[in-house]
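The primary structure of each chain is shown beneath.
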Amino acid sequence: MSAMITLKDLTVSYRRHPAVHHLSGIFERGSLTALTGPNGAGKSTLLKSILNLVPIEHGVVTLAVPRSRIAYLPQQSEIDRSFPISVLDCVLLGHWQRIGLHSGVPTASKQQALAALQAVGLDGFAPRPLGSLSVGQFQRVLFARILLQDAELILLDEPFNAIDSHTTEALVKIIQGWHAEGRTTIAVLHDFEQVREYFPHTLLLARRLIAWGSTEETLSPENLRLAREVTAAWDEHAPVCITAADQ
């Protein structure tokens, strides 16, 4: 299989103290990968570096697709739900790169949005205000929006956080459908049991790479212990990261 994302010696720092430290590896096209590790391990930072949302201190991220073919789901805490918009209009934002923000919405696009809402279990929710939804319902709306984007690469930051098991199962089925269609999906997760049950590949991060491969091998007791030890021993006040460019 060919590479969808290639990381070469990637270092992402805040005030030059690394959040992701000299990470190299490949996400294969069509793979389904969990990105996991202890709190503060750099998981969300890695996703944002792939999207060029945070500055890269050192190294290279190479993508096999343009930005227009990438869908990104941030953590819900990063999304402002107070904007007065309907559920349907929120889902239709998945089409904005094709129809523009100031163009009329074609009937076909509206029909696709309604079909996406039905696919995520929200048939009949289209006219509701976005702010009236529960956390789980809102997450379903965001998944419906991704369905409209028809992306080749899908990046999900804690997609199951603070939602009930029924909603989690529904969203997992959608993710598995993307995998079956050959889309590349990476999800940040902190629940190791969910990782083991649903994701065949795992990247275990503790600011630096601990393990990357099949989930069974990556989440070995030894690797999990090492991840905890590395994270606990990390010194926030250590000297700044020295890269090849500094030498």
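Keep in mind that what you see is a predicted model, and the values were worked out from it rather than measured. Residue positions are given per chain, counting from 1 as you read along its sequence in written order. In keeping with the model being predicted, local features are shown solely for residues with a pLDDT of at least 70 and side-chain atom pairs are shown and tallied solely at 80 or more, while totals for entire chains, interfaces and linings include all residues. Excluded from the side-chain calculation are hydrogens and water; included are all heavy atoms of the structure.

**Q** Sorry, what's going on with the packing of helix H4 (residues 107-119) against helix H5 (residues 135-149) here?
**A** When two helices pack together, their arrangement is given by the angle between the helix axes and by the axis-to-axis distance. Between H4 and H5, the shortest axis-to-axis distance is 9 Å and the interhelical angle comes to 135°. Accordingly, the angle class assigned to the pair H4 and H5 is oblique. Crossing handedness for the pair H4 and H5: right-handed. Each of Ser 109, Gln 112, Ala 113, Ala 116, Leu 117 and Ala 119 in H4 lies in contact with H5, whose residues at this interface are Ala 144, Leu 147 and Leu 148. Tallied by class, the residues present in the contact of H4 with H5 amount to seven nonpolar, two polar and no charged. Note on geometry: axes are C-alpha line fits, over the in-contact stretch for helices, and angles between N-to-C directions span 0 to 180 degrees. Each helix is a run of H or I in the DSSP string that is no shorter than four residues. Each strand is a run of E no shorter than two, and both are numbered from the N terminus. Any angle that is under 35 degrees is reported as roughly parallel, and any over 145 degrees as roughly antiparallel; angles of 65 to 115 degrees are reported as roughly perpendicular and all others as oblique. Crossings are sorted by hand: turned counterclockwise from the far helix by less than a right angle, the near helix makes the crossing left-handed, and turned clockwise it makes it right-handed. When checking whether two residues touch, look at their non-hydrogen atoms; a contact exists if any pair is within 4.5 Å. Put simply, Ala, Val, Leu, Ile, Met, Phe, Trp, Tyr, Cys and Pro go in the nonpolar bin, Asp, Glu, Lys and Arg in the charged bin, and everything else, Gly too, in the polar bin.

**Q** What exactly am I supposed to notice about the pairing of strand S7 (residues 184-188) here?
**A** Here is the key point about a regular strand: its side chains alternate between the two faces of the sheet. When a residue's accessible area, from a 1.4 Å probe over protein chains only, is under 20% of the maximum for its type it is buried; when over 50% it is exposed; and in between it is partly exposed. Of all the five residues making up S7, five are buried; the element is thus mostly covered by neighbouring parts of the structure. Of the two faces of S7, the one carrying Thr 184, Ile 186 and Val 188 and the one carrying Thr 185 and Ala 187 are both buried. Direction of pairing for strand S3 (residues 32-36) relative to S7: parallel, over a ladder of four bridges. Of the residues in S7, the one forming a bridge with Thr 33 is Ile 186. Strand pairing follows a simple DSSP-based rule, namely that at least 2 bridges must link the two strands. Both strand S6 (residues 153-157) and S7 contribute to a ladder of five bridges, which runs parallel. Of the residues in S7, the one forming a bridge with Leu 155 is Ile 186. As a crossover connection, the stretch from S6 through helix H6 (residues 165-180) into S7 is right-handed. Here is how to tell: hold the view so the strands point away, follow the path from the first strand over the helix to the second, and if it runs clockwise the crossover is right-handed.

**Q** I keep staring at the side chain of Arg 183 and nothing clicks. Help me out?
**A** Mapping Arg 183 onto the fold places it in the loop between H6 and S7. Polar contact is the term for a pair of N or O atoms within 3.5 Å; when the atoms are in protein, one must be able to donate a hydrogen and the other to accept it, and sequence-neighboring residues count only if both atoms are side-chain atoms. Of the polar contacts made by the side chain of Arg 183, one reaches the side chain of Asp 150; its length is 2.9 Å. At a separation of 2.8 Å, a polar atom in the side chain of Arg 183 contacts the main-chain carbonyl oxygen of Ala 151. Among residues more than four places away in sequence, those in contact with Arg 183 are Gly 30, Ser 31, Asp 150, Ala 151, Glu 152, Ile 154 and Trp 178.

**Q** Would you take a moment to explain the environment of Arg 67 for this structure?
**A** With respect to the helices, strands and loops of the structure, Arg 67 is situated in the loop between strand S4 (58-63) and strand S5 (70-73). Judged by its relative accessible area of 43%, Arg 67 falls in the partly exposed class. Considering only alpha carbons, one finds Arg 67 and Ile 5, 62 residues apart in sequence, at a separation of 12 Å.

**Q** How should the pattern of salt bridges be read in this particular structure?
**A** A side-chain nitrogen of Lys or Arg and a carboxyl oxygen of Asp or Glu constitute a salt bridge if their distance falls within 4 Å. Evaluation of the coordinates by the stated rule reveals seven salt bridges. The shortest N-O distance in the salt bridge between Arg 29 and Glu 152 comes to 3.4 Å. With Arg 29 in the loop between strand S2 (17-28) and S3 and Glu 152 in the loop between H5 and S6, this pair connects stretches of sequence that are 123 residues apart. Close ionic contact of Arg 225 with Glu 229 constitutes a salt bridge, the shortest N to O distance being 3.3 Å. Placement of the pair is Arg 225 and Glu 229 together in helix H9 (residues 221-233), with a separation of four residues, close to one helical turn. Residue class for Glu 229 comes out partly exposed when judged on its relative accessible area of 41%. Connected through salt bridges with shared partners, the residues Arg 29, Arg 69 and Glu 152 form a single ionic network.

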